[in-house]
Amino acid sequence: MRLLVVEDEVRLTRALRRGLEADGFVVEVAFDGASGLETARHGDFDAVVLDVMLPHLSGYDVVRTLRAEDNWVPVLMLSAKKGEHDQADGLDCGADDYLTKPFSYVVLLARLRALLRRSHEPRPVVLSAGDVRLDPATRHVSVADEHVALTPREYGLLEYLLRRPGRVVTKVEILDHVWDAAADVNPNAVEVYVGYLRRKLGRRLVETVRGVGYRLEQ
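Residues numbered from 1 in each chain as written. Predicted model: local features only at pLDDT ≥ 70, side-chain atom pairs only at ≥ 80, totals over all residues. Heavy atoms only, no water.

Where an unreviewed UniProt entry is consulted, the protein chain appears under the name Response regulator transcription factor, with the organism given as Nocardioides panacis.

Printed below as a string of structure tokens:
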């Protein structure tokens, strides 16, 4: 899943990026409110992790502007402000969740998973298609109850497709959400990893829609 992290504490941002990428997310970062707003406007993100106290534009202003523009990307706000009224302000201006600093990374990850489940597309706790099961919390993948070991890239591709059941997705969409946006990746890499998935899952789970992209068979 593709995340935007808007946070001006450089060390925290780097730590979050390392952790989230290790957990299979594709992460983009911004270090101030103005650039965070522009990135959120023009990027296709599954969720935004947004600090409150930011240079140029506060997190409150960022999320308020996004909502005014009918941008409903799930937003998790981070803040050192722990008061009840501060948290209420964040939620009332359009954020979906509010986490105070210092925070547990495990809790942050669990709240992000909850946000993704609550967004406009179906987000079940365990993703499935046929006899394939994927549990985002444990990163466990199985076929007919037998565990299947996937590389991080294979896992990311399978999760992305499972979250879009019955929908045709293009190579460009897959590259944007499964690969690092800054990486120079040949679109043919998608075909290669689709082939890996088909071999490991033991079936033609991923259907090729010629001239368009791929669709997960149900």
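**Student:** What is the right way to read the sheet that holds strand S1 (residues 2-6) from this model?
**Tutor:** Strand-to-strand pairing in sheets goes through backbone hydrogen bonds, with the strands running parallel or antiparallel. A sheet is described by the order of its strands in space; here five strands give the open sequence S2-S1-S3-S4-S5, paired in parallel fashion. Each edge of the open sheet is held by one strand with a lone partner, namely strand S2 (26-30) and strand S5 (97-100). Pairwise comparison of adjacent strand axes, ignoring direction, gives a mean angle of 20° for this sheet. Inspection of the sheet shows strand S4 (residues 75-79) paired to S5 by four bridges, in the parallel sense. Paired with Met77 across the bridge in S5 is Tyr98. Taken strand by strand, helix H1 (residues 10-22) contacts S1, S2 and S4, and its axis lies near 165° from that of S2. (Pairing = 2+ DSSP bridges. Helix = DSSP H or I, 4+ residues; strand = E, 2+ residues; numbered from the N terminus. Axes fitted to C-alpha atoms, helices over the stretch in contact; angles between N-to-C directions. Contact = heavy atoms within 4.5 Å.)

**Student:** Would you take a moment to explain the side chain of His177 for this structure?
**Tutor:** Looking at the element boundaries, His177 is found in helix H7 (residues 171-178). Look at His177 and you get buried, because its relative accessible area is 2%. (Buried < 20%, exposed > 50% of the residue type's maximum accessible area, 1.4 Å probe, protein only.)

**Student:** Just checking my understanding: could you explain the layout of surface pockets for this structure?
**Tutor:** If a probe as big as a water molecule is rolled over the atoms, it shows which places are left empty. Of the voids in this model, the second largest pocket is the one considered here, and its volume is about 160 Å³. Lining the second largest pocket are Glu21, Ala22, Gly24, Phe25, Val26, Val27, Pro152, Arg153, Gly156, Val178, Trp179 and Asp180. For the lining of the second largest pocket, the secondary structure elements donating two or more residues are H1, S2 and helix H6 (152-162). Here the lining of the second largest pocket is built from residues that sort into seven nonpolar, two polar and three charged. (1 Å grid on protein atoms, 1.4 Å probe; cavity = no way out; pocket = protein on both sides within 12 Å on 5 of 7 lines; lining within 4 Å. Points joined across faces, edges and corners; volume = space filled by probe spheres on them. Nonpolar A, V, L, I, M, F, W, Y, C, P; charged D, E, K, R; others polar.)

**Student:** Would you mind showing me how to read the pattern of salt bridges here?
**Tutor:** Think of it this way: side chains of opposite charge can pair up when their charged atoms draw near. Applying the stated criterion to the full structure yields 16 salt bridges. Ionic pairing is found between Glu69 and Arg41, a salt bridge with its closest N-O pair at 2.6 Å. Of this pair, Glu69 sits in the loop between helix H3 (59-68) and S4 while Arg41 sits in helix H2 (residues 33-42); the two residues are 28 residues apart in sequence, bridging distant segments of the chain. Residue Glu69 is classed as partly exposed on the basis of its relative accessible area of 40%. Measuring nitrogen to oxygen at the nearest pair gives 3.2 Å for the salt bridge that ties Arg164 to Asp46. With a gap of 118 residues between them, Arg164 in the loop between H6 and H7 and Asp46 in the loop between H2 and strand S3 (47-51) connect regions that are remote in the sequence. (Salt bridge = Lys/Arg side-chain N within 4 Å of Asp/Glu carboxyl O.)

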